[in-house]
Amino acid sequence: MPYRLFFRLLACLPLSLLHLLGAAAGWLVYVASSSYRRLLRQNMALALGEEAAADPALRSSAIAAAGKMVLELPRIWLNPLEKAVSQIVEVHGWEHVEAAWQQKKGIVFLTPHLGCFEITAQYYATHAPITVLYRPPKQTWIRPMIETGRARTQLHLATADLSGVRALWKALKRGEAVGLLPDQAPRKGEGLWLPFFGKPAYTMTLAARLTEANATVILAWGERLPGGKGYHFHLRPPLEPITGTLEERACAINREIEALVRGCPGQYLWGYNRYKHPAGAEPPPASSIREELH
């Protein structure tokens with residue numbers, strides 16, 4: 001198929017060129033799609049305020065970052081694992097992983113849509129097994145490439161259904177690591193309307209449930225370095241204990257994501273429809289009583 005040949009070609013290109021082409025592609029989509037342009041601006045304004053959303057430098061970074069995210073994927077998925085993770089040139093916070101290993105505890109990696117979130121689990125898989133929550137794409141033609149690229153020797157995929165959730169729990173019980181995107185908009189019945197940057201967002205409860213296990217919680221993300229020089233893998237524990245009721249835990253996770261995004265807002269995926277109303281889900285509360293938890 002032509003698209004497979006195209007992706008193979010992209011996988012052979014240097015990261016610096018892919019990020020250059022990706023930035024151009026990001027701008028092309030932004031200019032061509034009024035709906036995408038409106039969504040990106042709206043999400044930035046809801047989360048960061050109108051003044052930040054109007055900042056041309058920040059908006060430009062976000063537009064370019066979205067394109068870089070797409071074009072860097074073939075290089076990560078279609079190359080041998082060692083070559084893919086060699087693009088991580090700096091790691092900060094790995095001692096938290098080693099501490100969990102010493103305690104023989106499982107790890108819950110919470111990795112938001114920030115920077116290169118695809119490469120984080122790949123890097124961990126070079127050291128130990130990890131099971132990652134995976135929602136198959138609607139475009140069936142790209143599914144084989146994604147599943148092949150993500151499923152490595154020690155990287156296991158868990159589909160976003162009941163069997164996948166069971167796989168995550170089983171991995172934690174074995175003292176292994178699991179990973180998921182805690183800011184992914186859930187389906188009807190899988191979330192709660194909770195504050196995200198002070199605005200109601202339908203928030204998954206699965207991440208909060210996993211923190212109830214006797215496991216170490218680590219926030220992780222891959223920062224893109226300028227000039228396509230690679231990635232800086234950041235890992236840190238939560239800034240505050242993730243405890244309490246399910247709702248309180250989910251609120252705490254949202255606050256952790258907010259802190260990460262504020263540290264590097266230009267690399268967050270603002271074009272992702274984080275504030276959408278899932279089909280069939282109850283509407284957000286008219287008066288945001290839950291904001292008191294924030």
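Residues numbered from 1 in each chain as written. Predicted model: local features only at pLDDT ≥ 70, side-chain atom pairs only at ≥ 80, totals over all residues. Heavy atoms only, no water.

K.L.:
I'm lost on the nonpolar core in this one. Help?
P.N.:
Considering soluble globular proteins, one finds that nonpolar side chains tend to be buried as a cluster. With 53 residues, the main nonpolar core has Val108, Leu110, Leu180, Leu210 and Trp270 as its most contacted residues. The element that contributes the greatest number of residues to this core is helix H12 (residues 246–263), accounting for eight residues. Setting aside residues no more than four positions away along its own chain, Leu180 makes contact with Val108, Phe109, Leu110, Thr111, Leu133, Met204, Leu206, Ala207 and Leu210. (Core = buried A, V, L, I, M, F, W, Y, C linked by side-chain atoms within 4.5 Å. Buried < 20%, exposed > 50% of the residue type's maximum accessible area, 1.4 Å probe, protein only. Helix = DSSP H or I, 4+ residues; strand = E, 2+ residues; numbered from the N terminus. Contact = heavy atoms within 4.5 Å.)

K.L.:
When you look at unusual backbone geometry in this model, what are you seeing that I'm missing?
P.N.:
A negative phi angle is the norm for most residues apart from glycine, just as the trans form is the norm for most peptide bonds. Although it is not a glycine, Lys104 sits at a positive phi angle of roughly 55°. Structurally, Lys104 can be placed in the loop between helix H7 (94–102) and strand E2 (106–110). The backbone phi angle of Phe197 is positive, close to 55°, even though this residue is not glycine. Locating Phe197 in the fold gives a position in the loop between strand E6 (191–196) and strand E7 (199–204). Judged by its relative accessible area of 6%, Phe197 is buried.

K.L.:
I tried to follow the packing of aromatic side chains on my own but got confused; where do I start?
P.N.:
Given two aromatic rings, one states the distance between the centres and the angle between the planes to describe the pair. Applying the stated criterion to the full structure yields 14 aromatic pairs. Summarising the aromatic geometry, the rings of Trp27 and Tyr30 are spaced 5.6 Å apart at their centres and angled 80° between planes, so their arrangement reads as edge-to-face. Here Tyr30 and Trp27 lie together in helix H2 (residues 15–32), a separation of three residues that amounts to about one turn. Overall, the relative accessible area of 35% leaves Trp27 in the partly exposed class. You can call Tyr30 buried: its relative accessible area is 5%. These aromatic residues form a ring-pair network of at least three members: Trp94, Trp101, Phe109, Tyr123, Tyr124 and Phe233. The ring of Phe196 is capped by Arg274, whose NZ or CZ atom sits 5.1 Å from the centre of that ring. (Phe/Tyr/Trp six-rings, centres within 6.5 Å; stacked < 30°, edge-to-face > 60°. Lys NZ or Arg CZ within 6 Å of the ring centre and 35° of its normal.)

K.L.:
Please clarify how the packing of helix H3 (residues 34–48) against helix H5 (residues 56–77) should be interpreted in this entry.
P.N.:
Between two packed helices, what matters for the description is the angle formed by their axes and the separation of those axes. Here H3 crosses H5 at 125°, and the two axes come no closer than 12 Å. Looking at the two axes, H3 sits oblique to H5. Of the two possible hands of crossing, H3 and H5 adopt the one that is right-handed. Contacts between H3 and H5 involve Tyr36, Leu40, Arg41, Met44 and Leu48 from the first element and Leu58, Arg59, Ala62, Ile63 and Ala66 from the second. (Axes fitted to C-alpha atoms, helices over the stretch in contact; angles between N-to-C directions. Parallel < 35°, antiparallel > 145°, perpendicular 65-115°, else oblique. Left-handed = near helix turned anticlockwise from the far one by under 90°.)

K.L.:
Which parts of the structure should I look at to understand the packing of H2 against H3?
P.N.:
In the contact formed by H2 and H3, the axes pass within 5 Å of each other and the chain directions differ by 105°. For the element pair H2 / H3, the angle class is roughly perpendicular. Mapping the contact onto sequence places Val29, Tyr30, Val31 and Ala32 in H2 and Ser34, Tyr36, Arg37, Leu40 and Arg41 in H3. A per-class count over the contact of H2 with H3 returns six nonpolar, one polar and two charged. (Nonpolar A, V, L, I, M, F, W, Y, C, P; charged D, E, K, R; others polar.)

K.L.:
What am I meant to see in the pattern of salt bridges here?
P.N.:
Side chains that differ in sign of charge can pair as their charged atoms come close. Taken as a whole and assessed by the stated rule, the structure comprises five salt bridges. A salt bridge links Glu72 to Arg224; the shortest N-O distance between them is 3.0 Å. With Glu72 in helix H5 and Arg224 in strand E8 (residues 215–224), this pair connects stretches of sequence that are 152 residues apart. Overall, the relative accessible area of 1% leaves Glu72 in the buried class. The exposure class of Arg224 is buried, given its relative accessible area of 6%. The residue Glu256 makes a salt bridge to Arg236 at a minimum N-O spacing of 2.9 Å. Here Glu256 is found in helix H12, whereas its partner Arg236 is found in strand E9 (residues 231–236), with 20 residues between them in sequence. Residues Glu256 and Arg236 agree in their burial class; the two are buried. (Salt bridge = Lys/Arg side-chain N within 4 Å of Asp/Glu carboxyl O.)

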